[in-house]
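Structural features, examined
In case you want the letters, here they are:
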Amino acid sequence: MASDTVYRASTTAPVNIAVVKYWGKRDAKLNLPTNSSLSVTLSQADLRTLTTASCSARYPASEGDSLLLNGEPSDVSGARTQACFRELRSRRAALEAADPSLPKLSTMPLRIVSENNFPTAAGLASSAAGFAAFVRAIANLYELPASPSELSLIARQGSGSACRSLFGGYVAWRMGDKADGSDSMADQVAEASHWPEMRALILVVSAAKKGVSSTSGMQQTVATSGLFQERITKVVPKNMELMEKAIAEKDFPAFAEVTMRDSNSFHATCADTYPPIFYMNDVSKAAIRAVETINANVGRTVAAYTFDAGPNAVIYYLEKDTEAVVGTFYHVIGDTDGWKKDVLKGLKPTMSLDEGVAGILKNGVSRVILTGVGEGPIKTDEFLTMQTGSSR
Ligand code: DP6
């Protein structure tokens, strides 16, 4: 019976870590940013969200749309999730209106089941991968003829940074200047294969939930920081230009300097917020000192740190410098979850760090993640159901 049919589609989506940060909204309702940003998409072998979207006329209308996240029912009534549902449904409804032979999927309740392949205890913000997978899965289910950039317009309304997870490699989110947000979307600056040697070492400092959420922190910065104006009008436009050039030329020292300066600039505007917001702690600061020591000892810039709205350090480096970067951190931190045997194999401890810095890192880093640049969302035939979706 046609009415019994369950339509379904699955996708995976990656995490991205910005090297020029998004911080500030010019329109909170449409989720429009005060500046452009640029990120590296990380490999889904290590960090990804898998999402299945399904719809059926036999799903009770009274239950409405639902979302199961890592095995737990999750609220879908928030304005951002509702905006994503609405945008996707209206695009499907337009297809159905143009071709009456299409099944009326837009009228059916949606069930979304989503799981991360990394432990929640990793303390990584998963909203970027989560909303990107959510939007991509429903777009696949609805067979929307939309490009990743078009879908990024929708994912942006779920969470700003999610719009960059619709692509692999090196990705820019152009702030746009239209009031309706129709030009505030992501595009790919370079494929992962353009610069595949890019690696990331993530030092998980704390799995605790963030003190101040990004959404509220950036609103406070926009409202109270004087320094913020300098950042959005001068610092970021210059950093975007320098970063795109560094990526095009595969110039790691330039990439690294902009990455570190932009992270510092973002956290400076947080400190300039009134009352101030501090995301980095002593362990984060020790990671900065360690990166500086490594670069000084090698005699060139081989590592770059960056921090989001929390204390975890993300350290970018090139594969050829694994020994200097990973070898040094492994030597200091020692055995903890996340080190990979094949990456550590044959690495010699080439340098030592200041004792104070080493001690703070050893005690403060609870796990590490070794990963690298990777691809965008991938359609898959692996389906999660309300029954099999399990918590990890
Ligand atoms: C520091 O995308 O989480 O990670 O749009 O309010 O959901 P909302 O904010 P969100 O902010 C991310 C901020 C950041 C920098 C970045 O990823 O560019």
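Residues numbered from 1 in each chain as written. Predicted model: local features only at pLDDT ≥ 70, side-chain atom pairs only at ≥ 80, totals over all residues.

Considering the sheet that holds strand E10 (residues 170–174)
Read across the open sheet, the four strands follow the order E2-E5-E10-E11; overall the sheet is antiparallel. Across the chains shown, the open sheet's two edge strands, defined by having one partner strand only, are strand E2 (16–20) and strand E11 (185–190). This sheet shows a mean twist of 35 degrees between the axes of neighbouring strands, independent of strand direction. Taken together, the four bridges between strand E5 (residues 37–41) and E10 define a ladder with antiparallel strand orientation. (Pairing = 2+ DSSP bridges. Helix = DSSP H or I, 4+ residues; strand = E, 2+ residues; numbered from the N terminus. Axes fitted to C-alpha atoms, helices over the stretch in contact; angles between N-to-C directions.)

Concerning the confidence of the model for the protein
With 96% of its residues at a pLDDT of 70 or more, the protein has an overall mean of 95. Interface confidence for the predicted complex, expressed as ipTM, amounts to 0.99; the pTM equals 0.96. (pLDDT = per-residue confidence, 0-100.)

Re the nonpolar core
Grouped together as the largest cluster of nonpolar side chains are 114 residues, with contacts concentrated most on Ala132, Val135, Ile138, Leu201, Ile315, Val325 and Leu361. Counting residues per element, this core draws most heavily on helix H2 (residues 127–141), at 11 residues. The residue makeup of this core includes at least three contributed by each of domain 1 (2–191) and domain 2 (198–372). Contact partners of Leu201, with chain neighbours within four places excluded, come to Ile315, Tyr317, Val325, Val326, Phe329, Val368 and Leu370. (Core = buried A, V, L, I, M, F, W, Y, C linked by C-beta atoms within 7 Å. Buried ≥ 20, exposed ≤ 12 C-beta atoms within 10 Å, placed from the backbone. Domains from an automatic or database assignment. Contact = placed C-beta atoms within 7 Å.)

Here's the deal with the site of the ligand
What surrounds the ligand is a group of 15 residues, the closest being Ala18, Tyr22, Ser159, Gly160 and Ser161. Across the shell around the ligand, the residue classes tally to five nonpolar, eight polar and two charged. Counting residues domain by domain, the shell around the ligand receives three or more from each of domain 1 (2–191) and domain 2 (198–372). (Near = placed C-beta within 6 Å. Nonpolar A, V, L, I, M, F, W, Y, C, P; charged D, E, K, R; others polar.)

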